[in-house]
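Remarks on the overall topology
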Amino acid sequence: MTTTKPSDSFLENIVSGASFPFGPEELEAEAKKKMSKEAFGFTRSGAGGEETLKNNVASFANYSIVPQYLKDVSQVDTSIELFGHKYQHPFLLAPVGMLKITHEDGEIAVAKAAAKHHVPFIQSTTSSYSIEDVTEASGTSPKWFQLYWSNNENISYSMVKRAEKAGYQAIVLTIDTFMFGWREEDMRNHFSPLREGYGTGNYLTDDVFLATLPNVDKESVVQGILENIYHPTLNWKHVAELRKWTDLPILLKGILHPEDARRAIESGADGIVVSNHGGRQLDGAVSSIDILPSITEVVDGKIPVLLDSGIRRGSDVVKALALGADAILLGRPFVYGLAIDGQKGVEKVIENFIQETKVSLALSGAIKVKDARDIYIVKR
Ligand SMILES: Cc1cc2nc3c(=O)[nH]c(=O)nc-3n(C[C@H](O)[C@H](O)[C@H](O)COP(=O)(O)O)c2cc1C
Ligand SMILES: O=C(O)C(=O)c1ccccc1
């Protein structure tokens, strides 16, 4: 059990005199100062008119928590269990590719920070560092692998096996990014980090991928990645195929339609991530938090339901848990921490997020994460 006095870290932040930004807007503004225009634009922006990006945050604000008091919440326990593993907090770090655009230490810094706080790190297929580099840097801390299916599926198979070998605990198949969303900021900035070679960590170290290339020069590697990652034929047969390959839990990330949630279960998925990819894929797509209740109704407790897109604060975690999520993924805020102060910046973002989550659960009247289900939520 994690015993906590949430007020301790609140007071600590007050007296420490350190000047780390608080709150998502401040984090974003500070990160903007540290990043190149292109990298910041890539990270912050959404697809199209950014309707979904904006709604992700606005939708959370449409829900209000109705707290209950006089329950003795002195022993708040934020731990959860997923697929037989106990985690200390109800959140994981979302897979974010190409983190070298944000900081030279990229995923190494993030995985180390996550390990320090016992928060699982989900490594992207397109990470700047490889599965093996991240494992060496972060040891046995919990890690999951996010898979972008390759047109040459021997490459996907190889990466799944590498993740298994490295002791990763789950495979997250992203289903919403078989092509890129219409990202105007990147077009404006003429910026594609994938083209510039920031997403090569797992490819340059993959013998199966390397064997498909005419030459191992930067241009061939990038071309090879692009040819594999654009994969509009992705369909349910690939999920069935992945199911045959691995005994690790499989989660489908990008589920928004309740019917797809039902099919995910039918296809043998062990979990789903309700997500619109942080508004970066289909502009106009529904907010994760708005569709969550319809999805949990269909899933009916059969498999864990995780959620991301728009989580910025501890109170957002409470809302997601109350509306039926089993855990959430934190996205952009940790990337901004990385931009601001590398590993230390990520640690600080995670630390504040943990504490704000604890305070928010306690002040809502929940002692355990499961109690959050009973929190009364009203929608404006
Ligand atoms: C810069 C950036 C890169 C991302 N790269 C990946 C990726 O490689 N794989 C993936 O499944 N999702 C990726 N995502 C989506 C995140 O996993 C997550 O769904 C999203 O960030 C949630 O939205 P939020 O950050 O606004 O909360 C990326 C998101 C950002 C911001
Ligand atoms: O930017 C993204 O959201 C993303 O998922 C991605 C993945 C691979 C390459 C470039 C972007």
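Residues numbered from 1 in each chain as written. Chains lettered and ligands numbered in written order. Predicted model: local features only at pLDDT ≥ 70, side-chain atom pairs only at ≥ 80, totals over all residues. Heavy atoms only, no water.

Taken as a whole, the largest pocket holds about 900 Å³ of empty space. Lining the largest pocket are 46 residues; nearest its centre among them are F42, F180, R183, H277 and R280. Of all the elements in the fold, those that place two or more residues in the lining of the largest pocket are helix 3 (37-44), helix 8 (184-189), helix 10 (218-229), strand 11 (327-330) and helix 15 (332-364). When grouped by side-chain class, the residues that make up the lining of the largest pocket number 20 nonpolar, 18 polar and eight charged. (1 Å grid on protein atoms, 1.4 Å probe; cavity = no way out; pocket = protein on both sides within 12 Å on 5 of 7 lines; lining within 4 Å. Points joined across faces, edges and corners; volume = space filled by probe spheres on them. Helix = DSSP H or I, 4+ residues; strand = E, 2+ residues; numbered from the N terminus. Nonpolar A, V, L, I, M, F, W, Y, C, P; charged D, E, K, R; others polar.)

This chain's UniProt record puts "domain: FMN hydroxy acid dehydrogenase" (unreviewed entry) on residues 16-380. Here residues 16-380 runs as 43% helix and 13% strand, with 38 Å between its end C-alpha atoms. (UniProt positions renumbered as here; feature names shortened; annotations may be inferred.)

What follows covers the site of ligand 2. As a matter of local geometry, ligand 2 sits amid F42, M98, T126, Y148, F180, R183, L194, H277 and R280. Here an oxygen atom of ligand 2 sits 2.6 Å away from a polar atom, N or O, in the side chain of Y148. R280 is positioned such that a nitrogen or oxygen atom in its side chain is 2.7 Å from an oxygen atom of ligand 2. Protein chains shield 92% of the accessible area of ligand 2, which is 290 Å² for the free molecule. Comparing atom positions with the cavity grids shows ligand 2 to sit within the largest pocket. Of the residues belonging to the shell around ligand 2, the class tally is five nonpolar, two polar and two charged. (Near = heavy atom within 4 Å. Polar contact = N/O pair within 3.5 Å; in protein donor to acceptor, adjacent residues only side chain to side chain. Areas by Shrake-Rupley, 256 points an atom, 1.4 Å probe, with all protein chains shown as cover. Sits in = over half its atoms within 2 Å of the grid points.)

In terms of residue burial, strand 8 (residues 250-255) counts as a mostly covered element, since six of its six residues are buried. Alignment of strand 7 (residues 171-174) against strand 8, held across four bridges, turns out to be parallel. Across the sheet, residue V172 finds its bridge partner in strand 8, namely L251. The sheet contact formed by strand 8 and strand 9 (residues 271-274) spans four bridges and is parallel. Note on strand 9: the bridge partner recorded for K253 is V273. Assessed by its sense of winding, the connection that carries the chain from strand 8 through helix 12 (residues 258-266) to strand 9 is right-handed. (Buried < 20%, exposed > 50% of the residue type's maximum accessible area, 1.4 Å probe, protein only. Pairing = 2+ DSSP bridges. Right-handed = clockwise from strand over helix to strand, strands pointing away.)

The next point concerns the pattern of salt bridges. A complete count under the given rule lists 18 salt bridges for this structure. In this structure, the salt-bridge partner of E347 is K116, at a minimum N-O distance of 3.7 Å. Of the two residues, E347 is situated in helix 15 and K116 in helix 5 (residues 106-116); the sequence distance between them amounts to 231 residues. The exposure class assigned to E347 is buried, which follows from its relative accessible area of 12%. With a relative accessible area of 54%, K116 lands in the exposed category. (Salt bridge = Lys/Arg side-chain N within 4 Å of Asp/Glu carboxyl O.)

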